[in-house]
Amino acid sequence: EPHVLLTLILTAERAAEVDELREAARSLRRRLPVLGGVAVSLCYSARSQSSSEFLPLSGVSESKDLLSANFEDPSAPYQLVSHTSFLHVHSAQAAGLYELLEKAVARATGDKPGRILDLYGGTGAIALCLARAGHEATLVESYPPAAALASRAAQAQRLKVEVVTGDVASVSRALAAAGSTFD
């Protein structure tokens, strides 16, 4: 199953027309079957403020990213990622980090289920791993597309992750005012 999402970053003023980019993306996917989707981020430098425009070109716009070093394990937790997601590109290193976090949280909670607060949680890698280990997680993320992916991944895996979309400082104040506590 194709699983790589490729995002090309191009200077908009020098890029080919969108139709040509789409044809190039389709051709690239035919040549490289591992590519699930290709998109482009067009960076405009000639505008008064630099900006960018994101365009999907061909294929899927999201994929599962396994959060375990054992890529053959069908029960391994996963996050959903898109072309605009931030993720650790060295999967084995990331999986090692998640294992270390699970052990640290287990020590901190006395091997009992804990309540975890994951700030700047992105697409949910840490919260999802800790929820898979039996903890309840509250993930706070300001970027709505990332928060939506985290929520969908948690629901699909039936994991106890509450996803809150908003500014970390504001959400933290609201959680404190509500008397929420975390381990």
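Up top is the structure.
Residue numbers restart at each chain and count upward from 1, following the sequence in its written direction. Per-residue local features are limited, in this predicted model, to residues with pLDDT of at least 70; the limit for side-chain atom pairs, both in listing and counting, is 80 or more; totals at the level of whole chains, interfaces and linings are taken over all residues. Excluded from the side-chain calculations are hydrogens and water; all other atoms, namely the structure's heavy atoms, are used.

Engineer: Help me understand the pattern of salt bridges in this model?
Structural biologist: Note that side chains of opposite charge can pair when their charged atoms are close. Here, a salt bridge means any side-chain nitrogen of Lys or Arg that lies within 4 Å of a carboxyl oxygen of Asp or Glu. Inspection of the entire model under this criterion finds three salt bridges. Between Arg26 and Glu23 there is a salt bridge; the shortest N-O distance is 3.1 Å. Residue Arg26 and its partner Glu23 are both found in helix 1 (residues 18–31); the two are separated by three residues, about one turn of the helix. One salt bridge connects Glu23 with Arg30, and the closest N-O pair in it is separated by 3.2 Å. Taking the relative accessible area as the measure of exposure, Glu23 reaches 36% and is therefore partly exposed. Connected via shared salt-bridge partners are Glu23, Arg26 and Arg30. Only DSSP runs of H or I covering at least 4 residues are called helices, and only runs of E covering at least 2 are called strands; the numbering of each starts at the N terminus. Think of it in three bands: residues with accessible area under 20% of the maximum for their type are buried, residues over 50% are exposed, and the middle band is partly exposed, with areas taken using a 1.4 Å probe on protein chains only.

Engineer: What is the right way to read empty space enclosed by the protein from this model?
Structural biologist: It is the rolling of a water-molecule-sized probe over the atoms that shows where space remains empty. For cavity detection a 1 Å grid was placed over the protein atoms alone, and a set of points counts as a cavity when a 1.4 Å probe fits there but cannot get out; an open set counts as a pocket when protein lies on both sides within 12 Å along at least five of seven lines, with lining residues being those that have an atom within 4 Å of a point. Grid points are joined across faces, edges and corners, and a volume is the space filled by probe spheres set on the points. Applying the stated rule across the entire model yields one cavity of 30 Å³ or more. Of the voids in this model, the largest cavity is the one considered here, and its volume is about 40 Å³. Put simply, the parts of the chain that give the lining of the largest cavity at least two residues each are strand 4 (62–66) and helix 2 (91–108). The biggest single contributor to the lining of the largest cavity is helix 2, with three residues. Grouping the constituent residues of the lining of the largest cavity by class yields four nonpolar, three polar and one charged. Residues were grouped as follows: Ala, Val, Leu, Ile, Met, Phe, Trp, Tyr, Cys and Pro as nonpolar; Asp, Glu, Lys and Arg as charged; and all remaining residues, including Gly, as polar.

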